[in-house]
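Report on the structure
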Amino acid sequence: MNKIKQAVILAGGRGSRLGILTSDIPKPLIKVGDMPVIEHQIKLLHKYGVRRILITANYHHEALSKFTKKIKLQGLQLQVYVEKEPLGTAGAFPSFMDDLEEHFFILYGDVMLDMDLDRLIAFHFSHNSDITLVTHSNDHPQDSDLIETDGANRISRFIRKPHENGFVGQNLVNAGLYLMSKSIINGIPFRNKFDFVKDLFPTIILTKQLYSYRTSEYLKDMGTPERLERIRIDFAKGIIQKRNLSNPQKAIFLDRDGVLNYDIDLISKPKDLILYDFTVEAISKINKSDYLCIVVTNQSVVARNLCTINELEAIHRKLDMELAKGGAKLDALYYCPFHPDKGYPEENPNFKSEHHWRKPNDGMLLQAANDYNINLSESYMIGDRETDIEAGRKAGVITIGVDTGYGLKSRTINPDFFFKNLNKAVEFIIENNS
């Protein structure tokens with residue numbers, strides 16, 4: 001397996017939003033638990049094989065230089081590069097380009113994280129990526145810079161905040177960690193103020209391979225006192241460490257139509273997706289629990305030629321935004337656009353076939369289990385149709401039926417449990433596993 005031996009930590013910012021906390025020290029030296037955030041970063045990088053770390057510094061750079069002399073990890077070389085004037089996140093890179101290896105991590109110095117970097121490395125090289133951005137969903141995409149991707153996780157668009165009223169976009173946010181090819185640095189002007197997200201990425205999106213590595217792992221910036229306090233609480237509770245995908249996860253899998261939203265037959269337009277009034281509350285409860293929240297949905301509207309893949313993804317962008325209005329989010333969503341019944345003149349023949357993802361097959365659940373290291377025996381499937389329950393049984397998860405939507409009307413297969421709606425099902429899961 002490829003290993004990444006080098007990382008650059010961006011630690012030059014003032015951290016003005018943290019007020020008095022950064023009056024005498026730079027942001028990365030603020031403590032979480034018994035050590036500074038940057039020390040958590042360095043130890044994580046070292047754990048996964050990084051042996052050379054360059055720290056870009058400006059504000060209170062003397063404190064960072066003094067700190068690095070205290071770090072003693074086997075084989076680790078730490079170097080502080082002092083910017084005489086702030087050059088943005090990318091501006092300093094041409095100055096030390098000769099010291100960069102062919103592939104290296106870039107990490108923002110105010111991000112608290114714990115993640116399986118081996119998975120990220122494998123993704124980067126398997127996609128022949130020039131830049132891989134670690135991304136995730138969050139509970140406030142309305143005021144976040146967003147990323148849009150195609151069906152193969154290639155980044156197609158960067159959407160800067162502020163967003164106009166009524167904006168609908170994919171809930172996918174830059175988490176502050178990149179895996180980058182050295183060749184990218186050629187696009188950065190020498191000794192000019194320059195930013196990766198604002199200046200570089202949008203200009204190379206058509207000529208370079210930029211990919212999104214979406215993860216449920218913990219990456220949060222501590223840019224405000226409120227965020228810092230949340231991070232400290234999460235660390236004390238062990239939440240940060242537990243989310244690393246080297247540890248088995250557990251998930252609540254959800255069907256879409258009839259579980260999250262009214263099952264208006266064959267939804268093919270965003271305006272037709274209308275959430276139940278309990279959906280946001282239920283998803284929020286999952287978000288606050290130990291479970292990942294993952295949708296697995298059959299969407300034959302594509303095979304029936306009622307909408308395109310792009311139009312289906314527009315429906316899911318609306319789903320993201322509707323959930324976000326109440327501070328809720330999905331960790332992942334998988335859909336199957338295939339349908340096996342052929343011979344209709346209006347059909348899309350590219351999607352008229354059997355597929356192992358289409359429920360009652362368990363392909364979507366197994367794919368999610370592989371992507372997120374999910375222990376299926378501790379996970380749940382909530383659905384309104386027998387196909388949901390059968391898929392859950394095949395995957396080895398606990399199955400729950402709900403009385404909304406189709407409501408398991410034919411009862412040809414019985415779930416392990418049955419509840420009035422999604423919210424009642426989620427309450428049961430959390431109360432019985434807390």
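Scroll up to find the structure this text is about.
The following paragraphs examine the structure supplied in this document.

Cut-off values and rules
- Residues numbered from 1 in each chain as written.
- Predicted model: local features only at pLDDT ≥ 70, side-chain atom pairs only at ≥ 80, totals over all residues.
- Heavy atoms only, no water.
- Helix = DSSP H or I, 4+ residues; strand = E, 2+ residues; numbered from the N terminus.
- Rg over C-alpha atoms; globule rule 2.2 N^0.38 Å.
- Buried < 20%, exposed > 50% of the residue type's maximum accessible area, 1.4 Å probe, protein only.
- Core = buried A, V, L, I, M, F, W, Y, C linked by side-chain atoms within 4.5 Å.
- Contact = heavy atoms within 4.5 Å.
- Pairing = 2+ DSSP bridges.
- Polar contact = N/O pair within 3.5 Å; in protein donor to acceptor, adjacent residues only side chain to side chain.
- Expected span 1.5 Å × (residues − 1).
- Disulfide = S-S within 2.5 Å.

A count of helical and extended segments in the protein chain gives eleven helices and 19 strands. Over its C-alpha atoms the protein chain spans a radius of gyration of 23 Å, differing by no more than 12% from the 22 Å that the globule rule assigns to 434 residues. Over its C-alpha atoms, taken along the principal directions, the protein chain stretches across nearly 70 × 45 × 45 Å. Classification of the 434 residues of the protein chain by burial places 56% in the buried group.

Attention shifts here to the nonpolar core. Counting 66 residues, the largest nonpolar core has Phe 93, Phe 105, Leu 177, Tyr 178, Met 180, Phe 196 and Phe 201 as the members making the most contacts within it. Setting aside residues no more than four positions away along its own chain, Met 180 makes contact with Glu 102, His 103, Phe 104, Ile 106, His 124, Asp 130, Ile 131, Ile 185, Phe 196 and Phe 201. Core analysis: the next-biggest nonpolar cluster, separate from the first, contains 58 residues, Ala 282, Leu 330, Ala 368 and Ile 400 among them.

On the secondary structure map, Leu 330 appears in the loop between helix 8 (309-324) and strand 16 (332-336). Here Leu 330 falls in the buried class, since its relative accessible area comes to 2%. Remark: the alpha-carbon pair of Leu 330 and Gly 75, spanning 255 residues in sequence, is separated by 40 Å. For Leu 330, the contacting residues outside a window of four places in its chain are Ser 137, Arg 214, Cys 293, Val 295, Leu 319, Asp 320 and Leu 323.

Take Ala 175: it is sitting in strand 11 (residues 173-181). A relative accessible area of 7% places Ala 175 in the buried class. Along the backbone, Ala 175 and Leu 107 are 68 residues apart, and their C-alpha atoms lie at a distance of 9.4 Å. Apart from the residues lying within four places of it in its own chain, the contact partners of Ala 175 are Val 111, Val 134, Thr 135, His 136 and Leu 219.

Further remarks concern the environment of Arg 191. When you line up the elements, Arg 191 lands in the loop between strand 11 and helix 4 (196-204). Distance in space between the C-alpha atoms of Arg 191 and Ala 90 is 9.7 Å, their sequence separation being 101 residues. Residues contacting Arg 191, with those up to four places away along its chain left out, are Leu 87, Gly 91 and Ser 95.

Assignment of secondary structure puts Thr 279 in helix 7 (residues 279-287). Ignoring sequence-local partners within four residues, the contact set of Thr 279 consists of Val 259, Leu 260 and Leu 323.

Pairing geometry for strand 9 (residues 146-149) and strand 10 (residues 155-159), over four bridges, is antiparallel. Within strand 10, the residue paired with Leu 146 across the bridge is Ile 159. Linking two consecutive strands that pair antiparallel, namely strand 9 and strand 10, is a turn of five residues; a positive phi of about 75° is found at Asn 153 within it.

Now for the side chain of Asn 421. Its location among the elements puts Asn 421 in the loop between strand 19 (417-419) and helix 11 (422-431). On the accessibility criterion, Asn 421 (10% relative accessible area) is buried. Reaching out from Asn 421, the side chain makes a polar contact with the backbone nitrogen of Asn 423 at a distance of 3.1 Å. When sequence neighbours within four positions are dropped, the list of residues in contact with Asn 421 reads Phe 278, Val 402 and Thr 404.

So, on to helix 8. Over its 16 residues, helix 8 runs 23 Å from end to end, which matches the ideal 22 Å to within 8%, given 1.5 Å per residue. Where helix 8 is buried, its residues meet strand 9, helix 7, strand 15 (291-298) and strand 16.

The next subject is the state of the cysteines. Taken as a whole and assessed by the stated rule, the structure comprises zero disulfides. For the unlinked cysteine Cys 336, the closest cysteine sulfur is that of Cys 307, found at 13 Å.

By themselves, these are just geometric observations and shouldn't be taken as functional.
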